[in-house]
Amino acid sequence: MKERTEILASGFGGQGVVRLGQIIGEAGVRQGLHVTMLKSHGTEMRGGYVRSQVVLSKDAIDSPICESPDCFIALSGAAYGQFRHLMPKYGIILYDPAFVEEISQSLDCLQKAIPAKELSSKNFGSPLFANSLVLGAVARLVGILDKDIVVESILRVMPKFHDENRRAFQIGYDYVG
Amino acid sequence: MTAETQRDKPGKTDETMKRYLETGNFAVAQAAVMAGCRAFCGYPITPATEIAEAMSKLLPRVGGYYVQAEDETAAMHLAIGASLGGMKSMTATSGPGFILYADPYGWAIGCEVPLVVLNAQRVGPVSGITGAPGQGEFYLSRYVTQGGNFETIVLAPGTAQEAFALTIEAFYLSERFRTPVTILADQLITDGWEDLSIPETEEEKRLMGLKFFERRAHPGPKFYPPTDEIDVPPVVLGMGAGALCSDWTPTEEGYDIETVEAQHKHAYRLIYKIRNHKDIIMRSETLFLDEEPDLVVVAYGTPSRVVKTAVKRAHERGQSIGMIRPISLWPFPEELFKSRATYLSVELNYDGQMVREIQRAAPCGSEVHFFGKCGELPTVSELQEVFDKLLKGEPLQRRGWETEAW
């Protein structure tokens, strides 16, 4: 197994970027892994992007920084531009084309569009469940995560709309299949 | 032979313990209550606000008190008052509040009041940046008040789990040494989220290596013995002879006096009760020092985690490198700097603070260098560049405003 798995999520304030990181981290703890999660806030939040950096590992984690993300969840064009250079060849960028309009053709890593906002609006009449959709995709693409435990963690961290969140997760999971 | 050693590291966890994804702030509040803290007096400030918030919820459930003061000076005076009344007490802040503790901190040192103080360092000077980590109070935590003639005890956690263990340790040491103990954390420790194990049973606490010390009350009449002894119970007002607790030089019975002889006796006690029992306080983690590496990297708190990853990777590549992470910062662990080597201090400030102490401690013929970041952590890749340069004997070059100036 890889020594550590790094998941970076970034977007605007209010998109639930910190919540995304928290759910992935919660799933890590429930899977018995070591977890760190740094959130950038303060001036950065007003200046352009919010960032969650999650590291998961079977061993104690030293550096909590995502320097070579296995998965980068890009939820804004600014965030995509800011962090794409970190991506190693083996990494995956998951981006929502509603926010990331242009993607670079010069990256070596895999880039996958997940139209989470659109799919959420279509299925539930609201963009509210976009993050659960994204988490479905993340759970499928990031090897270390256990699908059922990610769902449990969503329900634990977000106490409302359990049915919708469960369904949204499955839509995201199927979309990247 | 093990390449990695950790002296008396608190915070070993067991698989069966209750685990959380939580912040260092949560960890500190849980630990304080477990250690017997029953009074928290504070003034909220980022990034330590959640400690105050958690204490305001936790303390009333265990018969304790949360007191929100009008400012930090009042907060620490109130915490001292609670301790003099016989309760274990605590306060928590960040740099802008820590400087306001200077006056009451001196009072607590002089009157030998057990107390725990947490400082979650952010970027300074003054208000600086609220939501970003700094390490600007290394020396301030040593020279925390005016007048000299004292030593301080300062502990620096590197993870939320260690913040939990060191908070309990801080209460333990403050009772035994009869002095305030500072936990010098940083924004990423208090506000960062991590997996955290909290012990619930006595067995789990023992397994984690946690030590507890009950509050006692000095029976009098010799409240201030002119010796270096520890485990002297603190003054609790209204107990025993009701000693005075003013900010003047005390007689052994606790009355105010202004003679040079009495001051010498008191100062001797404040300095040597700590210096002569340093072994009880000392904690550190080292990597590969038994290989007598050419380059020894030194860091404490959150940056030490990135340094550790970078040092391990450099070592794997065959570089002659080791690491020192002081966990107890004051008294400074100079005994760790025994071998002649190139030392590199990595700190979250640009002026270079701990590097000066390393220069003092390192043997003749050593080189001492500095790499400072502030408001953000260094990365493994930029640390590797610095290691490569130093191991080749090349000078470190200025990178924009990041310079070796100190």
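Everything below is about the structure shown above.
Residues numbered from 1 in each chain as written. Chains lettered and ligands numbered in written order. Predicted model: local features only at pLDDT ≥ 70, side-chain atom pairs only at ≥ 80, totals over all residues. Heavy atoms only, no water.

Next up on the list: the overall build of chain B. If you tally the helices and strands in chain B, you get 14 helices and 16 strands. A globule of 406 residues ought to have a C-alpha radius of gyration of about 22 Å, and chain B, at 21 Å, matches this closely. Considered along the principal axes of its C-alpha atoms, chain B spans approximately 65 × 50 × 45 Å. Relative to all contacts within chain B whose residues are 6 or more apart in sequence, the contacts with residues 24 or more apart total 78%. Accessible surface computed for chain B: about 15600 Å², of which carbon and sulfur atoms make up 52%. Between the mean site of the 40 positive side-chain charges and the mean site of the 55 negative ones, chain B shows a separation of 2 Å. (Helix = DSSP H or I, 4+ residues; strand = E, 2+ residues; numbered from the N terminus. Rg over C-alpha atoms; globule rule 2.2 N^0.38 Å. Contact = heavy atoms within 4.5 Å. Areas by Shrake-Rupley, 256 points an atom, 1.4 Å probe, with all protein chains shown as cover. Lys, Arg positive; Asp, Glu negative; His and termini not counted. Charge placed at Lys NZ, Arg CZ, Asp CG, Glu CD.)

With 49 residues, the main nonpolar core has B:Met55, B:Met90 and B:Phe164 as its most contacted residues. Broken down by element, the residue count for this core peaks at 11 residues, all from helix H7 (residues 160-177) of chain B. When near neighbours in sequence (up to four residues on either side) are disregarded, B:Phe164 contacts B:Ala27, B:Gln30, B:Ala31, B:Met34, B:Leu196, B:Ile198, B:Pro199, B:Met208 and B:Leu210. Grouped together as the second largest cluster of nonpolar side chains are 46 residues, A:Leu20, A:Leu75, A:Ile114 and A:Met158 included. (Core = buried A, V, L, I, M, F, W, Y, C linked by side-chain atoms within 4.5 Å. Buried < 20%, exposed > 50% of the residue type's maximum accessible area, 1.4 Å probe, protein only.)

This next bit is on the interface of chain B and chain A. How big an interface is tends to be stated in terms of accessible area lost as the parts join. With 22 residues of chain B at the interface, the matching set in chain A holds 20 residues. For the pair chain B and chain A, the summed buried area comes to about 1800 Å², and 54% of that belongs to carbon and sulfur atoms. When the buried surface of chain B facing chain A is broken down by residue, B:Arg19, B:Leu21 and B:Trp193 rank first, second and third, together holding 34% of it. Where chain B touches chain A, the interface holds two salt bridges. Among the salt bridges present, the one from A:Asp62 reaches B:Lys312, with a minimum N-O distance of 3.0 Å. Summed over the shared surface of chain B and chain A, the number is 12 residue pairs in polar contact (both at pLDDT 80 or more). Listed by contribution, the elements that provide at least two residues to the side of chain B that touches chain A are strand E2 (18-23), helix H8 (187-191), strand E10 (193-198), helix H12 (303-316) and helix H14 (380-391) of chain B. (Buried area = accessible area lost by both parts, 1.4 Å probe. Salt bridge = Lys/Arg side-chain N within 4 Å of Asp/Glu carboxyl O. Polar contact = N/O pair within 3.5 Å; in protein donor to acceptor, adjacent residues only side chain to side chain.)

With that settled, consider the side chain of B:Lys278. Looking at where B:Lys278 falls in the secondary structure, it is placed in helix H11 (residues 278-281). Here B:Lys278 is in contact with B:Pro331, B:Phe332, B:Pro333, B:Glu334 and B:Glu335, once residues within four sequence places are set aside.

Packed helices, taken two at a time, are described by their axes: the angle between them and the distance between them. Residue and element names in this part refer to chain A. For the pair helix H4 (residues 116-124) and helix H5 (residues 130-141), the least separation of the axes is 8 Å and the interaxial angle reads 120°. In this view, H4 runs oblique relative to H5, as classed from their interaxial angle. In the packing of H4 onto H5, the handedness of the crossing is right-handed. Listed contacts from H5 to Ala 116, Lys 117, Leu 119 and Ser 120 of H4 are Ala 130, Leu 133 and Val 134. When the residues that make up the contact of H4 with H5 are grouped by side-chain class, the tally is five nonpolar, one polar and one charged. (Axes fitted to C-alpha atoms, helices over the stretch in contact; angles between N-to-C directions. Parallel < 35°, antiparallel > 145°, perpendicular 65-115°, else oblique. Left-handed = near helix turned anticlockwise from the far one by under 90°. Nonpolar A, V, L, I, M, F, W, Y, C, P; charged D, E, K, R; others polar.)

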